[in-house]
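Here is what each chain is made of, one letter per residue.
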Amino acid sequence: MLEKNNNLVATAISETFNNSDNNYLLGDWCRKVSDFSKNKYSIKFIHEHHWSDKMKMDDDRDYLETFINLLTFEIGNHLNEIHKINEKNIFWEIILRPWLFSIIPQIFDRWEICRTFFEKFHGMNFKFHFIKDYKVNHLFSRPLYRVAQMDDYWNQNIFSRIIEENYLERIKEKKILKSKYVKKEKQNIDLKNIIYYPISFIDTDLINKNEIIFDTKQTSLFNFLKLSKKLEIFPITSSNFFKRIEKDIEKSQKVEISKENLKISLKEKFNNKFEKFCIDQIIEDFPEVFLGYFNISRKMIKKIVNDKKKIIFSNQDIFINDIYRIWVATMCGKNSKLVINTHGGFIPERYVNFNFQNKVANKHITWHSLGLHKNEIQLTPLKLVGLKKKKNLQKHLSIIDIELGRYQFRMNSIPTPSEIKVEYDSLVSFIEKLKPKIQNYVKYRTVNNFGWNFKKKFEKKFGKEKIDKSKNLYELISSSKILVHKYPSTPFSESIYLNTPSVLLYKKDSWRFSPAYNYMLKKLENSKILFYEPSKLSDHLNDIWDNIDDWWNSNEVQKTLDDIKNDFIKSKKNWVSEYQNFFDKLKND
């Protein structure tokens, strides 16, 4: 019998698999093909993600923060020259950093995946599919790093480039894969974010009159009206204005600016092999809004740029809208103040977005109370204001899961692609160990679908009737006897806020948190709210199912819940006055 060849598979593109070879997978994200294909592939090896080693992850995070700091500074200086302006570093920090802290860790991650794989299989040679002539121009940054998170062809291209540059001698047979057209991300106007029909001459006038400018409501319309009245501002948000500007810019005539000089100048500043490769990739994918469309963008936002000192309150646009960030940076240069609001969460992760909020914002509103940075303050979470549980029959064991990206996205303290599969397998194990009478009440809901196809897999394993069909999360919470949360974030906080019995199940250290809250993790574990092992949670629910309220209302659990309500979801009845006092103090600082 002939010995099989070794075929290296980098992504979930079916053509890169081979029926007659031993397939070596660079990561679990490739399993999308092998798990659902009718073909039976020989999977010889699946490479474990390098950031499953948390010490390495911590070291890499420190290195990347230094690199991002230097690169932001250097790119900002070059953009000043290109656009013939003289903006300070903080201006470019606000504009560039959310793009750079998203895309650079993604490039570094792919680089390290290849390095650790070829080191592990030193001396072995492989077949590999290269992509040629793959090129996508992006006007804005968000579609770019979303493509990096989700798109197999973008990732096949970057793996191809890394292997061609560093490991070509290890490829014994080169195959060429056809590229594909990447669809443009649609920009939709959400009319719920504005009180009345968004006619530009009306909303720009009202935005200009407001001393405090919100990007989105982050609470119900009624509560936003209530807050606006107290603050004496028009109840309007800026989000749709900037979405319209994006559409106008798409129709504009850009100025051609060569990327080559920018690339050469930047590479002269860095000696590291990865850093030079990263600069090549960044400049190739450089968002046009920062180059040929930059001055057009500044011209279009002039309608709401003035010298009056404003307070800019951002819930999300600071991270996702390039034009908004250009406006924010311009206004902060005129002594306006920036407030970034945490739109959700639970225990703060060990590191998030390379501390962007603390670098650029005058104030950062958090849900938590301990370990606060000097610019952070805990206020009533707007997202929770007025949240009420519907009066439904509470009978379900409801599971709330999340699909994180198949490809590593940014560098936050969340499960790696290798750990994501382990997390799903632990959920299956937990359900299988429940008593049959409890299994009958299981309902499953997952947030997002990045190609792991959890919903499809769950339906195939446990039946279509187990999939939740509630209109929204709050309807599911209201119909639940108890909730099992597979990730420690906003839905868990909302469930606790609504006083619905809830537990957490995840692998220890797959989610990592601020050390200031180690005590809380221990309390959650002792109160049997947090579980790291699926069998222990199964045993717990099997024991308490008939009397869940007795457990939930016990002294130990209630003390833990009181700590949660104080430390993470502290809500004041006079929240409107709380925010008024916050804004009044900020104006006078």
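S.K.: Please clarify how the pattern of salt bridges should be interpreted in this entry.
M.R.: Side chains that differ in charge, positive against negative, can pair when their charged atoms come close. What the rule picks out here adds up to 37 salt bridges. Taking the shortest distance from any N to any O, the salt bridge between R61 and E65 comes out at 2.7 Å. Of the two residues, R61 and E65 both sit in helix α2 (residues 54-83), 4 residues apart, roughly one turn of that helix. Exposure remark for E65: the relative accessible area of 15% places this residue in the buried category. For K523, the salt bridge identified is with D563, shortest N-O distance 2.4 Å.

S.K.: Looking at this model, I keep getting lost on the pairing of strand β11 (residues 396-402). Mind explaining?
M.R.: As a general feature of sheets, a regular strand has side chains that alternate between the two faces. Buried residues dominate β11, accounting for 7 of its 7 residues. Note: β11 against strand β13 (residues 480-485), 5 bridges, orientation parallel. Of the residues in β13, the one forming a bridge with S398 is L483. Pairing analysis gives 6 bridges linking β11 to strand β12 (residues 442-447), with the strands arranged parallel. Residue pairing for β12: D401 is matched across the bridge by T446.

S.K.: Sorry, what's going on with helix α24 (residues 575-588) here?
M.R.: Every α-helix winds through 3.6 residues per turn, so residues three or four apart in the chain are directed the same way. Taking 1.5 Å of rise per residue, the 14 residues of α24 would be expected to cover 20 Å, and the 20 Å separating its terminal C-alpha atoms lies within 8% of that figure. Listed in full, the buried residues belonging to α24 are W575, V576, E578, Y579, F582, F583 and L586. The arc that holds the buried residues of α24, viewed along the axis, is 160°, so those residues lie on one side. Set apart from the buried face of α24 by more than 90 degrees, the exposed residues are K585 and N588. Where α24 is buried, its residues touch β6 (212-214), α7 (221-231), β7 (311-314), β8 (337-341), β9 (363-366) and β10 (376-378).

S.K.: Before we go on, may I ask you to explain unusual backbone geometry in this structure?
M.R.: With the exception of glycine, the majority of residues adopt a negative phi angle, and the majority of peptide bonds are in the trans configuration. The phi dihedral of N335 falls on the positive side, at around 75°, and the residue is not glycine. Relative to the assigned elements, N335 resides in the loop between α13 (322-332) and β8. Although it is not a glycine, N453 sits at a positive phi angle of roughly 60°. If you trace the backbone, N453 turns up in the loop between β12 and α17 (454-462). Exposure remark for N453: the relative accessible area of 17% places this residue in the buried category.

Definitions and limits used
Residues numbered from 1 in each chain as written. Predicted model: local features only at pLDDT ≥ 70, side-chain atom pairs only at ≥ 80, totals over all residues. Heavy atoms only, no water. Salt bridge = Lys/Arg side-chain N within 4 Å of Asp/Glu carboxyl O. Helix = DSSP H or I, 4+ residues; strand = E, 2+ residues; numbered from the N terminus. Buried < 20%, exposed > 50% of the residue type's maximum accessible area, 1.4 Å probe, protein only. Pairing = 2+ DSSP bridges. Expected span 1.5 Å × (residues − 1). Arc of directions from axis to C-beta. Contact = heavy atoms within 4.5 Å.

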